Amino acid sequence: MARRVISEREEELPVSTIGELIKITEESKGIVSLGPGEPDFDSPKHIIDFACKMLREGKTHYSPPGGRTELREAISKKLKRENNIDLPPEQIIVTCGSTEAIMLALFCTIDPGEGVLLPDPGFLCYKPTVEILNGMPLSVPHKESDGFQFKTEEAEKIIVPEKTNIMILNTPSNPLGVVYNKKTLEEIADFVTEYDITVLSDEAYEKFVYDGEKHVSFASLNGMDKRTITLQSFSKTYAMPGFRVGYAAGPENLINAMKKVHIYSSICSPTVSQLAAHMALTGPQKCITDMLKEYDKRRKIMIKRLCEIDGISCVNPKGAFYAFPNISRFGKKSLDFSKWLIKNAKVATVPGTEFGRMGEGYVRCSYATSYKKIENAMDQIENSLKNIKK
Ligand SMILES: Cc1ncc(COP(=O)(O)O)c(C=O)c1O
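Here the structure is a predicted model, which is why all the values come from computation and not from measurement.

Student: Outline unusual backbone geometry, supporting the account with residue identities and numerical values.
Tutor: Each neighbour pair has its own omega, and for Asp-120 with Pro-121 the value is 0°, a cis peptide bond. As for its placement among the helices and strands, Pro-121 is situated in the loop between β3 (115-120) and α6 (126-132). The phi dihedral of Asn-84 is positive, around 60°, even though this residue is not glycine. With a phi angle near 50°, Ala-239 is a residue other than glycine that sits in the positive phi range. With respect to the helices and strands, Ala-239 occurs in the loop between β7 (228-233) and β8 (246-249). Residue class for Ala-239 comes out buried when judged on its relative accessible area of 2%.

Take a look at the structure:
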């Protein structure tokens, strides 16, 4: 019998349908894509110029594992100033994007068979990462009827108390665009205290909130800093996804454990990227408000146009750069609906099921694309859906 080369763990990972959709998109001509999960803006010029200068000055060596001191110091100040989280630089680890931080945090906190509460629909790397680590994903349904807020009643129904010590929170959320309100966060704080659960608070979209909403870091709530690892990133905030810099901040024992594993996973986030991230944090911040203003304009037109289409309903997203319209009245599964839209409306979206079982009946539309393209996409979707029976 031939020796098995691919691990069972890998073989059991679900295959993403995004590959199939990208193929269809490439084969069809003139597609407007509402698929992107990253800013369409270029990284700010002053950051790029500084990164180029640093490369020319020979900053091409490894950084200290865990991150360069001046960057961790700047992050510590930022967390205090903007997030009301008071942690010294030693309790911060700089990672290759927050994706690596999610992997490290889970690696250090769950043993095989242990449960992790995570949002459904939720960012598509959570569940597979838990599965790679042989953990047990416990999906907490987020329902349109609740405005997609986290409901502790839902978590109560699925928690396996003796086996669950981690919960992933994501606000503002990908793909829902929901921003958890204060009441939700306080209920979650009571819940995690009762069950003695550690929280991974993914705040990758912290800067993109609209309509006067405020982003509240979970660790800033009374007593929650003792049980929370805060995950943040430069990818969305400063439009630097390709630099690969994120970070985690939290209790000393957990961050130290993550530092230990980080040496084996990547050694360090690229040195030039860490220098660029330091420039991002300490340089002009206008780039963020400029992007926020533009996203908000696009959000408004996208939501208005989606809600005007007969058969579509859409919760008004208060954060991130995604809309998550309900398309269930067209009688097609999310994946089929997305394929249908590519062929008939020439618009690419991401099926809601990419983000979990609860995403059935929805598609994700990103407004990290130009205003003009959004208008065109909405015209094309509206026209193509006119003749479909609901
Ligand atoms: C909710 C959320 N968290 C984390 C990430 C990972 O971002 P990065 O690894 O670039 O920091 C993403 C990327 O799309 C995301 O949507």
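Student: Describe the nonpolar core, naming the residues involved and giving the relevant values.
Tutor: Of all hydrophobic cores here, the largest spans 37 residues; its most connected members are Tyr-295, Met-302, Ile-381 and Leu-385. At six residues, the largest contribution of residues to this core is made by helix α11 (residues 286-308). When near neighbours in sequence (up to four residues on either side) are disregarded, Ile-381 contacts Ile-309, Leu-341, Ala-345 and Val-347.

Student: So what about the packing of aromatic side chains? Which residues, and what values?
Tutor: In total, this model carries 18 aromatic pairs according to the counting rule given. Sitting above the plane of the Tyr-371 ring, Lys-297 keeps its charged end 5.2 Å from the centroid.

Student: How would you sum up the site of the ligand? Please name residues and give values.
Tutor: Around the ligand, the structure places 15 residues, and the nearest of them are Ser-98, Thr-99, Asp-202, Ser-233 and Ser-235. At 2.6 Å, a side-chain N or O of Ser-235 approaches an oxygen atom of the ligand. Contact between the ligand and Lys-236: an oxygen atom at 2.7 Å from a side-chain N or O atom of the residue. Relative to its unbound accessible area of 390 Å², the ligand is 93% covered by the protein chains. Tallying contributions element by element places helix α5 (residues 97-109) first for the shell around the ligand, with three residues. When its residues are assigned to classes, the shell around the ligand shows four nonpolar, eight polar and three charged.

Student: Go over the environment of Ala-277 with me, naming the residues and quoting the values.
Tutor: Residue position: Ala-277 is located in helix α10 (residues 271-282). When the C-alpha positions of Ala-277 and Val-245 are compared, they lie 7.1 Å apart, and in sequence the two are 32 residues distant.

Student: Please give an account of the pairing of β7 that cites residues and values.
Tutor: Among the six residues in β7, six count as buried, and that is most of the element. Neither face of β7 is open: one carries Thr-228, Thr-230 and Gln-232, the other Ile-229, Leu-231 and Ser-233, and all of them are buried.

Student: Lay out the state of the cysteines with the relevant residues and their values.
Tutor: One pass over the full model with this rule turns up zero disulfides. Lacking any disulfide linkage, Cys-287 is separated from the closest cysteine sulfur, that of Cys-52, by 16 Å.

Parameters and conventions
- Residue indices follow the written sequence of each chain, beginning from 1 at its first position.
- Under the rules for a predicted model, residues below a pLDDT of 70 receive no local features and side-chain atom pairs below 80 are neither given nor counted, while totals for whole chains, interfaces and linings still include all residues.
- To obtain the side-chain values, all non-hydrogen atoms of the structure were included, while hydrogens and water were left out.
- Numbered from the N terminus, helices here are DSSP runs of H or I no shorter than four residues, and strands are runs of E no shorter than two.
- Whether a residue is buried, partly exposed or exposed follows from its accessible area with a 1.4 Å probe, protein chains only, as a fraction of its type maximum: under 20%, in between, or over 50%, in that order.
- In this text, buried Ala, Val, Leu, Ile, Met, Phe, Trp, Tyr and Cys residues form a nonpolar core when linked through side-chain atoms within 4.5 Å.
- Contacts between residues were defined by any pair of non-hydrogen atoms, one from each residue, lying within 4.5 Å.
- Only Phe, Tyr and Trp rings take part, Trp by its six-membered ring, and two of them pair if their centres are within 6.5 Å. Stacked means planes under 30 degrees apart, edge-to-face means over 60, and tilted covers everything else.
- Charge over a ring is defined by NZ of Lys or CZ of Arg lying within 6 Å of the ring centre and within 35 degrees of the ring normal.
- Proximity is defined per residue: any heavy atom of the residue falling within 4 Å of a molecule or strand makes that residue near it.
- Contacts described as polar in this section are N or O atom pairs within 3.5 Å, which, within protein, must combine one atom able to donate a hydrogen with one able to accept it, while residues neighboring in sequence count only if both atoms come from side chains.
- Computed with a 1.4 Å probe, the accessible areas rest on the Shrake-Rupley method; for each residue, only the protein chains presented here act as cover.
- Three residue categories are used. Nonpolar comprises Ala, Val, Leu, Ile, Met, Phe, Trp, Tyr, Cys and Pro, charged comprises Asp, Glu, Lys and Arg, and polar comprises the others, including Gly.
- Sulfur atoms of two cysteines make up a disulfide when they are within 2.5 Å.

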